Amino acid sequence: MIHLAYTDIANSAVYLTGIQDGDSIDWSAPETVFSGGLSDPVISVDPSSVVYVAALSDNGIIYRKHTGSGWEAATKTLYAGGTNTHLSGPAIAPVDESDYRLVWTHDDGSSY
């Protein structure tokens, strides 16, 4: 399965999946994960096939997870504040239900 996240013209984070079928890909309908004012959406899929989408917002780094039955209602903040400039995938790695590892860079190019 192919997982794709991107920002649309309204800077909303959009997610869809695709299945390779010979020379073509059958894409699912796009789902808006976050609305407006976002950049650099990234995806991570854990060993249990739980999908995480993280993105930069004006308030820091946010994420939601999809467990197969839909996106969690609440958007969670992984990092608040700072001068985040870029998420590079897979930037979010769930360790367990309450512990996540995250990679991002600041204006000076340093990774955290």
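Read on for a plain summary of the structure. (Residues numbered from 1 in each chain as written. Predicted model: local features only at pLDDT ≥ 70, side-chain atom pairs only at ≥ 80, totals over all residues. Heavy atoms only, no water.)

**Let's talk about the overall build of the protein chain**
Line of reasoning, step 1. Counting its regular elements, the protein chain contains zero helices and ten strands.
Line of reasoning, step 2. With 112 residues in all, the protein chain has 37% of them scored as buried.
Line of reasoning, step 3. At a minimum sequence separation of 6, the contacts of the protein chain that also span at least 24 residues come to 31%.
Line of reasoning, step 4. Approximately 6300 Å² of the protein chain is accessible, and the part contributed by carbon and sulfur atoms is 49%. (Helix = DSSP H or I, 4+ residues; strand = E, 2+ residues; numbered from the N terminus. Buried < 20%, exposed > 50% of the residue type's maximum accessible area, 1.4 Å probe, protein only. Contact = heavy atoms within 4.5 Å. Areas by Shrake-Rupley, 256 points an atom, 1.4 Å probe, with all protein chains shown as cover.)

**Here's the deal with a nonpolar patch on the surface**
Line of reasoning, step 1. There is a patch of nonpolar side chains on the surface, built from Ile2, Leu4, Tyr6, Ile25 and Trp27 and spanning about 390 Å² of accessible area.
Line of reasoning, step 2. Broken down by secondary-structure element, the contributors of at least two residues to the nonpolar patch are strand 1 (2-7) and strand 3 (24-27).
Line of reasoning, step 3. The element that contributes the greatest number of residues to the nonpolar patch is strand 1, accounting for three residues.
Line of reasoning, step 4. Along the chain, Tyr6 falls in strand 1. (Patch = residues over 30% accessible without salt bridge, like charges linked within 9 Å, V, L, I, M, F, W, Y side chains within 5 Å. Salt bridge = Lys/Arg side-chain N within 4 Å of Asp/Glu carboxyl O.)

**Some remarks on the environment of Ala73**
Line of reasoning, step 1. Here Ala73 shows up in the loop between strand 7 (60-66) and strand 8 (76-80).
Line of reasoning, step 2. In this structure the C-alpha to C-alpha distance between Ala73 and Val33, which are 40 residues apart in sequence, comes to 10.0 Å.

**With respect to the environment of Ala74**
Line of reasoning, step 1. Relative to the helices and strands, Ala74 resides in the loop between strand 7 and strand 8.
Line of reasoning, step 2. For the pair formed by Ala74 and Arg64, sequence separation is ten residues and the distance between their alpha carbons is 7.1 Å.
Line of reasoning, step 3. With near-sequence residues (within four places) excluded, Ala74 lies in contact with Tyr63 and Arg64.

**Comments concerning the nonpolar core**
Line of reasoning, step 1. Core analysis: the largest hydrophobic core is formed by twelve residues, namely Ala5, Ala13, Tyr15, Val33, Phe34, Leu38, Ile43, Val51, Val53, Ala55, Ile62 and Trp71.
Line of reasoning, step 2. For this core, the secondary-structure elements that each account for two or more residues are strand 2 (13-21), strand 4 (31-34) and strand 6 (51-57).
Line of reasoning, step 3. Ranked by residue count, the leading element in this core is strand 6, at three residues.
Line of reasoning, step 4. Judged by nonpolar contacts, the second largest core, of seven residues, contains Val42, Val50, Ala54 and Leu56. (Core = buried A, V, L, I, M, F, W, Y, C linked by side-chain atoms within 4.5 Å.)

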